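# Structure at a glance
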Amino acid sequence: MAQFGTEFCDNFATARFDGKKWLPAEVRALEPLCLHPGAHVFHYASTCFEGFKAYRWADGKAYVFRLRDHIARMQKSATSLHLPVPDADSLAQMVLDLVARHNGDIPAPPSSLYLRPTLIGTLPNIGAAASPSTEALLYVLASPVGDYFAGGARPLKLLVEDQRSRSTEQLGSTKTGGNYAGALGPTLEAKARFGVDQVLFCPGGDVQETGAANFLLISDSEIITKPLNTSFLHGMTRASILTLARGLGYRINERDFTVTELLEWVKTHEAALSGTAACLTPVGTLVYKGSEIPVRDGSGGPNVEKLRRALQTIQYGEAPDTHGWLTEVPVR
Ligand SMILES: *Cc1c(COP(=O)(O)O)cnc(C)c1O
């Protein structure tokens with residue numbers, strides 16, 4: 001299968017906000033957008049998005065994972081950017097209409113159909129640096145994606161960055177383009193200098209997250225991860241893993257922790273990244289102040305493996321969805 005995010009279904013769902021109201025949504029052929037070069041998004045980064053997946057089950061049906069929760073998060077992002085907020089039911093319908101149209105394009109697990117709702121400010125006004133876009137375009141892309149772990153779940157290597165920030169106090173929990181632009185420089189630099197996969201941003205020693213995934217400390221009995229505040233993106237994978245772990249008897253400890261604690265923890269326990277794309281991925285090595293520090297023996301660990309399976313078996317329809325996380329895609 002093509003590289004993650006580079007293959008698209010040949011339809012997308014779109015809806016426009018004309019300054020007063022949302023116009024009826026439609027599913028239509030995927031084509032380039034026609035936008036005014038002065039559109040707010042190009043100059044003032046009025047944009048946010050979501051990312052989640054639809055899975056094909058062995059019974060032939062398709063299910064979207066945590067659809068309503070992702071839509072609620074998108075509404076939160078839109079609100080924080082002062083963009084027109086999409087109606088939850090209408091956006092859910094847009095997603096389900098698009099997925100239903102491409103039911104036949106959803107590959108079997110561990111592959112899936114990745115869905116990417118996107119909201120952009122389209123008001124043509126290059127003098128609107130300090131005012132919101134009153135017009136907007138909402139669209140949903142669908143992209144068949146393969147197994148992130150094709151070729152094995154290689155434990156990741158992270159640079160521990162204890163100075164620079166990934167985002168800001170205002171936008172840390174908003175899924176908005178500018179955050180990724182900000183993390184790009186430090187990440188490219190770290191890749192070139194230290195050969196790492198990602199940067200773990202820990203400004204002032206406060207362990208937060210990487211450019212696009214949450215960070216968790218995991219032992220045989222406990223999970224430690226940051227409490228929900230505005231400094232980081234509140235991942236649905238993080239929330240799902242914590243819920244499942246609680247049910248499996250792990251103690252869930254949502255609290256701040258420092259780089260010093262992190263370095264002590266990884267001598268004997270596991271660490272992982274969580275996100276829709278890669279589910280729960282073991283961290284094998286940290287790079288801090290120029291030296292490499294293995295997480296345990298560097299090969300990942302049984303608890304990360306167990307928790308990832310617990311989530312994936314629900315997503316793939318191999319274990320019961322007792323939390324009501326999956327929405328069945330109607331057959332059309
Ligand atoms: C999307 C994202 C995550 C992961 O969120 P999920 O809902 O688990 O996919 C974590 N951090 C950042 C910065 C993100 O953009």
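Residues numbered from 1 in each chain as written. Predicted model: local features only at pLDDT ≥ 70, side-chain atom pairs only at ≥ 80, totals over all residues. Heavy atoms only, no water.

### A short note on the site of the ligand
Put simply, the rule reads: In these notes, residues near a molecule or strand are those with any non-hydrogen atom within 4 Å of it. Any pair of N or O atoms that falls within 3.5 Å is considered a polar contact. Within protein, one atom must be able to donate a hydrogen and the other to accept it, and sequence-neighbouring residues count only if both atoms are side-chain atoms. Where accessible areas are quoted, they stem from the Shrake-Rupley method and a 1.4 Å probe; at the residue level, only the protein chains shown are allowed to cover. Grid spacing is 1 Å over the protein atoms alone, the probe is 1.4 Å, and a cavity is where that probe fits but cannot get out, while a pocket is an open set with protein on both sides within 12 Å along at least five of seven lines and lining residues have an atom within 4 Å of a point. A molecule is counted as occupying a cavity or pocket when more than half of its atoms fall within 2 Å of that pocket's grid points. Segments assigned H or I by DSSP are reported as helices when at least four residues long, segments assigned E as strands when at least two residues long, and all are numbered from the N terminus. Note on residue classes: Ala, Val, Leu, Ile, Met, Phe, Trp, Tyr, Cys and Pro are nonpolar, Asp, Glu, Lys and Arg are charged, and everything else, Gly too, is polar.
Taken together, 16 residues lie near the ligand, and Lys175, Tyr180, Glu209, Thr237 and Thr276 sit nearest. Between Glu209 and the ligand, the recorded distance is 2.6 Å, taken from a side-chain N or O atom to a nitrogen atom. The contact in question runs from an oxygen atom of the ligand to an N or O atom on the backbone of Met236, over 2.7 Å. Protein chains shield 96% of the accessible area of the ligand, which is 380 Å² for the free molecule. A molecule is said to occupy a pocket when more than half its atoms come within 2 Å of that pocket's grid points, and by this definition the ligand occupies the largest pocket. For the shell around the ligand, the secondary structure elements donating two or more residues are helix 2 (67–80) and helix 5 (236–247). The residue makeup of the shell around the ligand, split by class, is 5 nonpolar, 7 polar and 4 charged.

### Here we look at the domain arrangement of the chain
As a reminder of what qualifies: Domain segmentation is taken from an automatic or database assignment of domains. Two residues qualify as a contact provided that any one of their heavy atoms is within 4.5 Å of a heavy atom in the partner residue. Using a 1.4 Å probe, buried area is obtained as the accessible area two parts lose upon being combined, added over both of them. Take a side-chain nitrogen of Lys or Arg and a carboxyl oxygen of Asp or Glu: if they are within 4 Å of each other, that pair is a salt bridge.
With domains assigned, the chain is organised as domain 1 (11–145) and domain 2 (156–315). Each side of the interface is counted separately: domain 1 has 20 residues, and domain 2 has 17 residues. Around 1600 Å² of area is buried between domain 1 and domain 2 when both sides are counted, 56% of it from carbon and sulfur atoms. The largest share of the area that domain 1 buries against domain 2 comes from Phe49, Phe65 and Arg73, three residues that together contribute 34% of it. At the junction of domain 1 and domain 2, the tally comes to 0 salt bridges. Summed over the shared surface of domain 1 and domain 2, the number is 12 residue pairs in polar contact (both at pLDDT 80 or more). Put simply, the parts of the chain that give the side of domain 1 that touches domain 2 at least two residues each are strand 3 (47–49), strand 4 (52–56) and helix 2. Looking at side-chain class alone, the side of domain 1 that touches domain 2 contains 9 nonpolar, 5 polar and 6 charged residues.

### Let's talk about empty space enclosed by the protein
The following threshold applies: Grid points are joined across faces, edges and corners, and a volume is the space filled by probe spheres set on the points.
Enumeration according to the criterion identifies 2 cavities of 30 Å³ or more in this entry. In this model, the largest cavity occupies a volume close to 200 Å³. Lining the largest cavity are 21 residues, and of these Lys53, Tyr55, Thr276, Ala277 and Cys279 lie nearest its centre. In the lining of the largest cavity, the residues fall into 12 nonpolar, 7 polar and 2 charged. Composition of the lining of the largest cavity by domain shows at least three residues from each of domain 1 (11–145) and domain 2 (156–315). In this model, the second largest cavity occupies a volume close to 30 Å³. Glu270, Ala271, Pro282, Val283, Val295, Arg296, Gly300, Gly301 and Val304 together form the lining of the second largest cavity.

### Description of the layout of surface pockets
Its volume calculated, the largest pocket comes out at about 1200 Å³. Taken together, 45 residues make up the lining of the largest pocket; nearest its centre are Tyr148, Gln198, Ala212, Ala213 and Ala277. Counting residues per element, the lining of the largest pocket draws most heavily on helix 4 (residues 177–194), which supplies 6 residues. Grouping the constituent residues of the lining of the largest pocket by class yields 21 nonpolar, 16 polar and 8 charged. Here the lining of the largest pocket gathers at least three residues from each of two domains, domain 1 (11–145) and domain 2 (156–315). Approximately 240 Å³ is the volume found for the second largest pocket. Together, 14 residues line the second largest pocket, and Ala15, Arg16, Arg28, Cys34 and Leu137 are the ones closest to its centre.

### Here we look at the pattern of salt bridges
Note the following rule: Partly exposed describes any residue whose relative accessible area lies between the buried limit of under 20% and the exposed limit of over 50%, with all areas from a 1.4 Å probe on protein chains only and scaled to the type maximum.
Here the structure, examined in full by the defined rule, presents 21 salt bridges. A salt bridge links Lys21 to Asp18; its shortest N-O distance comes to 2.8 Å. Its relative accessible area of 26% is what places Asp18 among the partly exposed residues. With a shortest N-O distance of 3.4 Å, Glu189 and Arg164 are connected by a salt bridge. Placement of Glu189 in helix 4 and of Arg164 in the loop between strand 8 (156–161) and helix 4 is noted, with a sequence separation of 25 residues between them. On the basis of relative accessibility, which here comes to 37%, the residue Glu189 falls in the partly exposed class.

### Things to note about the packing of helix 5 against helix 7 (residues 302–315)
For the record, the criterion: To get an axis, a line is fitted to the C-alpha atoms, and for a helix only the part in contact is used. The angle between two axes follows their N-to-C directions and goes from 0 to 180 degrees. Relative orientations are named as follows: roughly parallel for angles under 35 degrees, roughly antiparallel for angles over 145 degrees, roughly perpendicular for angles from 65 to 115 degrees, and oblique for any other angle.
Across the interface, helix 5 lies against helix 7 with an axial gap of 10 Å and an inter-helix angle of 105 degrees. Taken together, the axes of helix 5 and helix 7 lie roughly perpendicular to each other. Contact residues: helix 5 offers Thr237, Ser240, Ile241, Leu244 and Ala245, while helix 7 offers Leu307, Ala310, Leu311 and Ile314. Class assignment of the residues belonging to the contact of helix 5 with helix 7 gives a composition of 7 nonpolar, 2 polar and no charged.

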